[in-house]
Number of protein chains: 2
Amino acid sequence: MSTNHEQQLKDFRELVQKIKSYEEALSLMYWDLRTGAPRKGMDTRSEVIGVMSTEMFKLSTSDEMGAYVEALSQPDVYAQLDDLNQKTVTECKKEYEKSKKIPAKMYQEYVVLATQAENIWEEAKEANDFARYKPYLEKVVAYNQQFIDLWGPKETRYDTLLDMYEPGLTVAKLDEVFGELRAKSVPLVAAIAASKNQPDMSTLEQKFDIEKQHQYSLFALEQMGFDFQAGRLDESVHPFATGINPGDVRITTRYDENDLANSLFSSLHEGGHALYEQNISKDLIGTPLCTGTSMGIHESQSRFWENMIGRSRMFWNRYYGDLQNIFPGQLHADVDTFYRAINRVQPSLIRTESDELTYNLHIIIRYEIEKMIFNEGLAVEDLPAVWNAKYQEYLGITPPTDALGILQDVHWSSGGFGYFPSYSLGNMYAAQMMNTLRREMPELDSLIEAGDLHPIKAWLTDKVYQYGKSLTPSEIILQITGEELNPAYLIEYLETKFSEVYKL
Amino acid sequence: MSTNHEQQLKDFRELVQKIKSYEEALSLMYWDLRTGAPRKGMDTRSEVIGVMSTEMFKLSTSDEMGAYVEALSQPDVYAQLDDLNQKTVTECKKEYEKSKKIPAKMYQEYVVLATQAENIWEEAKEANDFARYKPYLEKVVAYNQQFIDLWGPKETRYDTLLDMYEPGLTVAKLDEVFGELRAKSVPLVAAIAASKNQPDMSTLEQKFDIEKQHQYSLFALEQMGFDFQAGRLDESVHPFATGINPGDVRITTRYDENDLANSLFSSLHEGGHALYEQNISKDLIGTPLCTGTSMGIHESQSRFWENMIGRSRMFWNRYYGDLQNIFPGQLHADVDTFYRAINRVQPSLIRTESDELTYNLHIIIRYEIEKMIFNEGLAVEDLPAVWNAKYQEYLGITPPTDALGILQDVHWSSGGFGYFPSYSLGNMYAAQMMNTLRREMPELDSLIEAGDLHPIKAWLTDKVYQYGKSLTPSEIILQITGEELNPAYLIEYLETKFSEVYKL
């Protein structure tokens with residue numbers, strides 16, 4: 001490589017590192033806001049976040065960045081870069097081109113709007129007042145319509161948004177996989193409801209000491225292989241995981257005295273996200289590749305640990321005794337009763353409280369509505385009615401209020417259209433990976449039953465975690481399973497598991 | 001003001017606000033590192049801090065900043081600015097001119113060196129190995145010598161460093177006030193040592209539950225008027241306070257089962273710093289004036305609350321009962337015995353563990369040594385011998401190891417020469433303010449004895465806190481007390497208090 005190009009590469013990497021530094025500072029500020037920042041400092045903090053986000057946006061769309069990605073992606077130069085630099089250039093070029101299409105002023109207005117809309121959403125949800133939220137949501141939708149125009153519509157307009165969270169994902173593909181999943185889930189839910197063998201929930205209907213719940217979360221995370229030298233567990237209203245850097249991955253859970261399962265599975269879920277972020281190859285630090293490859297693959301890891309491992313019979317064969325010991329005299333039920341209780345299926349109104357099976361129907365409803373907004377021009381004012389009709393159709397229940405319906409999720413207020421499908425993609429990817437894992441590790445069940453979870457973590461590190469964003473979601477799933485995303489594995493998993501739980 | 005100048009002022013304030021945003025992000029990152037950041041993320045975090053500090057330095061020394069402060073400080077333009085803008089321009093001009101004299105490359109090298117030196121210091125202290133630390137300390141001193149040359153020596157070379165922490169403070173002034181303080185303290189310490197009336201320490205020589213210590217700290221802070229909606233209390237190895245913004249002021253304390261007094265007085269001390277930062281006028285947010293006016297005035301507030309209030313007889317007349325209640329069956333001593341125990345005077349080796357009286361001698365030793373380094377060319381290799389000789393001379397004890405002597409403080413490793421005097425300045429300012437407060441609020445003792453501390457906080461807010469950095473330290477002390485810094489008040493306070501405690 002010429003000295004000139006070598007210097008350019010060096011300067012480029014420095015700029016990329018600088019952008020990552022802003023990202024790290026912002027991640028810490030967001031974590032702080034959500035875990036314990038004093039209330040009265042929040043206005044100033046929001047302004048600081050605004051300033052830092054804008055600086056980061058400016059760097060990503062700077063002429064400097066434009067010149068580097070242009071020069072370094074020239075075929076003769078690009079060919080001389082090593083794999084990591086090639087992928088870094090490609091990723092930055094993609095981000096540059098995408099961001100550059102948004103005028104800086106428009107971006108800033110949108111950031112302000114999103115913050116406002118989120119605040120208003122919170123008030124509107126509290127007050128069960130969709131009308132109050134409607135004008136803000138309309139503006140957010142309008143901005144996203146403009147973004148689609150600026151970025152250029154793909155196969156359909158909504159495809160443009162989907163691609164942001166799951167590169168390469170299309171409406172055509174989702175219609176197919178969600179169609180199959182819905183077709184199999186709806187009758188399965190009905191069969192379960194009709195089953196004579198409903199789980200006995202009484203063992204979970206007790207008060208569980210919060211400090212002990214915390215201890216058990218720490219224990220479970222340690223068993224999974226969460227590295228407490230490279231992360232921490234805190235408490236927040238809405239559990240989340242944030243990979244500030246691979247040596248600093250923070251998760252939260254929430255404790256409710258009346259709901260042991262809540263903290264338990266939130267911890268396992270966020271712990272799954274954390275294992276991903278903690279085990280990204282150190283080589284990727286300081287590049288945009290040092291993160292999960294997509295929301296769907298990220299969610300596959302949280303779902304894998306929460307559901308495929310954490311709600312499995314083998315897991316509780318091993319760990320139920322520890323749970324009984326931490327709550328002496330409280331858990332009289334046998335392990336089978338406990339296992340069936342934590343796997344109860346019941347159509348419900350709130351996505352975040354739903355079970356493993358009906359969860360996907362909550363997602364499919366949101367997907368169909370988002371598609372209607374962007375591809376069919378569904379008006380914001382019609383959302384509550386459409387929402388309620390779909391809940392009745394797929395889950396057999398109608399939300400009595402908007403707070404328990406259309407207003408329940410924060411995502412749309414901050415413009416996260418196209419994000420929801422990730423959750424069910426995660427379930428599908430997880431089941432598909434589990435299928436391969438079982439083939440490659442025939443002793444899997446006995447490992448789980450023996451509490452030896454480290455080979456599982458090592459397998460996932462080898463197949464998924466280490467790569468960060470240096471492989472695309474489809475490269476990952478293809479490399480592991482030999483095929484593209486296929487909903488059959490999730491469907492089979494759900495049918496097998498719940499036929500057994502409910503003795504169908 | 002012309003439209004042109006109005007625009008300049010607007011752009012200037014935006015730039016200043018941006019610099020403050022970096023400062024806020026950095027403060028949060030430092031707080032996080034010291035309170036619970038995972039160990040394995042620290043390397044990456046240090047790099048992020050480096051990038052952000054450099055960006056902030058670049059903004060403060062940018063041509064843009066130079067042009068604004070030049071234009072806005074032209075007499076005809078300056079005269080049209082309001083008071084806040086005038087002071088903001090003056091402060092930024094001062095900082096600009098100071099920082100501009102340091103080449104950016106040199107600044108970056110120094111930041112890296114300081115981080116290294118701090119790490120090495122920690123290892124050297126642990127290993128009691130001054131030789132290991134010496135080359136780093138020599139480099140830090142050499143950089144500071146260069147800074148003095150670049151900034152220009154004042155009356156003496158060391159004056160240039162003093163001025164950074166306490167604007168306007170000189171060796172001439174410190175020689176005078178520290179001379180008086182030392183001359184009165186040394187014989188007082190000797191008389192106390194010879195007193196037949198030594199306090200009974202047995203009541204403090206017990207184990208005190210850490211969770212209860214924490215509860216009492218929270219209670220004491222609340223009594224002082226610490227606003228928990230605008231701040232939080234955490235734990236760290238070395239207690240500190242950081243004003244991230246006036247709505248987010250964080251303090252830490254440390255808990256030792258064998259040392260109740262430690263957490264108690266650390267909390268009051270840091271609480272004093274916090275009251276200052278929480279009560280700065282909101283008008284100053286987003287300007288460089290939104291902070292304490294100097295290290296000395298800041299320290300006056302921590303010392304005021306820790307010592308003048310927190311170690312007073314009146315305070316314990318009111319609060320000892322609460323302390324007894326929180327540790328039932330442990331505090332059998334009467335309040336007088338307790339009061340005398342927490343006011344024991346005893347020459348000791350470690351500054352941070354020393355009492356209210358000998359503390360100043362620890363500081364005077366450091367001041368004299370720093371002066372010798374910068375004004376008389378004292379070599380780093382000779383520091384341990386000089387240190388030990390001065391401890392013998394002023395306190396009558398010789399450190400048996402360097403770890404208990406020259407290696408005990410972190411300050412020099414990060415280049416904080418000129419900082420130590422602030423601690424004793426704080427004691428002097430506090431006593432001088434207390435003298436005025438007693439005159440203006442004759443009912444002071446009965447207020448304290450009644451646990452009504454809010455009028456004291458209100459008085460300090462009115463006289464000190466609200467102004468932030470919009471008044472200089474000497475303006476503050478002159479405005480409150482009608483005279484410049486005068487050590488007589490501290491000397492009188494110490495003599496009166498300890499003559500009574502020790503029945504001299």
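All values reported here derive from a predicted model rather than from experimental measurement.

A. Seen up close, the pairing of strand β1 (residues 231–235) of chain A. Residues and elements named next belong to chain A. Judged by how many residues are buried, β1 sits mostly within the fold: four of five residues are covered. Where β1 and strand β3 (residues 248–253) come together, five bridges link them in parallel fashion. Residue E235 lies in a different strand from β3, and its bridge partner there is T253.

B. Structural detail: the side chain of B:E370. All names here are of chain B. In this structure, E370 sits in helix α15 (residues 359–376). Although buried, E370 forms no salt bridge, and the nearest oppositely charged side chain, R366, lies 7.5 Å from it. At a separation of 2.7 Å, a polar atom in the side chain of E370 contacts the side chain of W412. The contacts of E370, once residues within four sequence positions are left out, are Y158, W412, G416, F417, G418, Y419, F420 and P421.

C. Examining the interface of chain B and chain A more closely. Contacts between chain B and chain A engage 35 residues on the former and 35 residues on the latter. For the pairing of chain B and chain A, the buried interface totals around 3000 Å² over both sides, and the portion due to carbon and sulfur atoms is 54%. If you sort the residues of chain B by the area they bury against chain A, B:P38, B:K40 and B:Q229 come out on top, with a joint share of 17%. Taken together, the links from chain B to chain A amount to ten salt bridges. Between B:R250 and A:D32 there is a salt bridge; the shortest N-O distance is 2.6 Å. Along the contact surface separating chain B from chain A lie 21 residue pairs in polar contact (both at pLDDT 80 or more). Listed by contribution, the elements that provide at least two residues to the side of chain B that touches chain A are α1 (3–35), α2 (42–60), β1 (231–235), β2 (241–245) and β3 (248–253) of chain B. The element contributing the most residues to the side of chain B that touches chain A is α1(B), with ten residues. Grouping the amino acids of the side of chain B that touches chain A by side-chain chemistry returns 13 nonpolar, nine polar and 13 charged.

D. Representation of the nonpolar core within the structure. A:F304, A:W305, A:W316, A:L323, A:L383, A:W412 and A:I456 are the most contacted members of the largest nonpolar core, which totals 126 residues. If one sorts the elements of this core by residue count, helix α15 (residues 359–376) of chain A sits on top with ten residues. Sequence-distant contacts of A:W412, that is, excluding residues within four places in its chain, are made with A:Y133, A:L137, A:V140, A:R366, A:I369, A:E370, A:L383, A:W387, A:I406, A:F417 and A:F420. By size, the runner-up hydrophobic cluster in this structure holds 124 residues, among which are B:I102, B:Y255, B:I406 and B:L447.

E. A look at the UniProt feature "binding site: Zn(2+)" (unreviewed entry) in chain A. All names here are of chain A. UniProt annotation of "binding site: Zn(2+)" (unreviewed entry) refers to H269, H273 and E299 when read in the numbering used here. For this annotated set, covering 31 residues, all C-alpha atoms fall within 8.7 Å of each other, a compact arrangement in space. Relative to the helices and strands, H273 is located in helix α11 (residues 260–278). Among all residues touching E299, those that are not within four sequence positions of it are H269, H273, S422, Y423 and G426.

F. Here's a closer look at the sheet that holds β3(A). All names here are of chain A. Spatially, the three strands line up as an open sheet ordered β1-β3-β2, and their pairing is mixed. Strand pairing shows two members of the sheet lacking a second neighbour, β1 and β2 (241–245), which therefore form its edges. Mean inter-strand twist for the sheet, computed between neighbouring axes without regard to direction, equals 20 degrees. Summarising the sheet, β2 and β3 pair through four bridges and their orientation is antiparallel. The partner of G243 across the bridge, within β3, is V249. Across the sheet, helix α1 (residues 3–35) touches β1, β2 and β3, and the angle it forms with β2 is around 145 degrees.

G. Up close: the relation of the copies chain B and chain A. The two copies are related by a screw operation: chain B maps onto chain A through 180 degrees of rotation and 0.1 Å of translation along the axis, at an RMSD of 0.1 Å. Look at the turn and shift together and you get a two-fold axis relating the two. Of the C-alpha atoms belonging to chain B, the one lying closest to the rotation axis is found on B:A25, 3.3 Å away. Interface residue correspondence from chain B to chain A reaches 100%, placing this contact among same-surface, isologous pairings.

Conventions and cut-offs
Residues numbered from 1 in each chain as written. Chains lettered and ligands numbered in written order. Predicted model: local features only at pLDDT ≥ 70, side-chain atom pairs only at ≥ 80, totals over all residues. Heavy atoms only, no water. Buried < 20%, exposed > 50% of the residue type's maximum accessible area, 1.4 Å probe, protein only. Helix = DSSP H or I, 4+ residues; strand = E, 2+ residues; numbered from the N terminus. Pairing = 2+ DSSP bridges. Lys, Arg positive; Asp, Glu negative; His and termini not counted. Salt bridge = Lys/Arg side-chain N within 4 Å of Asp/Glu carboxyl O. Polar contact = N/O pair within 3.5 Å; in protein donor to acceptor, adjacent residues only side chain to side chain. Contact = heavy atoms within 4.5 Å. Buried area = accessible area lost by both parts, 1.4 Å probe. Nonpolar A, V, L, I, M, F, W, Y, C, P; charged D, E, K, R; others polar. Core = buried A, V, L, I, M, F, W, Y, C linked by side-chain atoms within 4.5 Å. UniProt positions renumbered as here; feature names shortened; annotations may be inferred. Axes fitted to C-alpha atoms, helices over the stretch in contact; angles between N-to-C directions. Least-squares fit on C-alpha atoms with pLDDT ≥ 70 in both.

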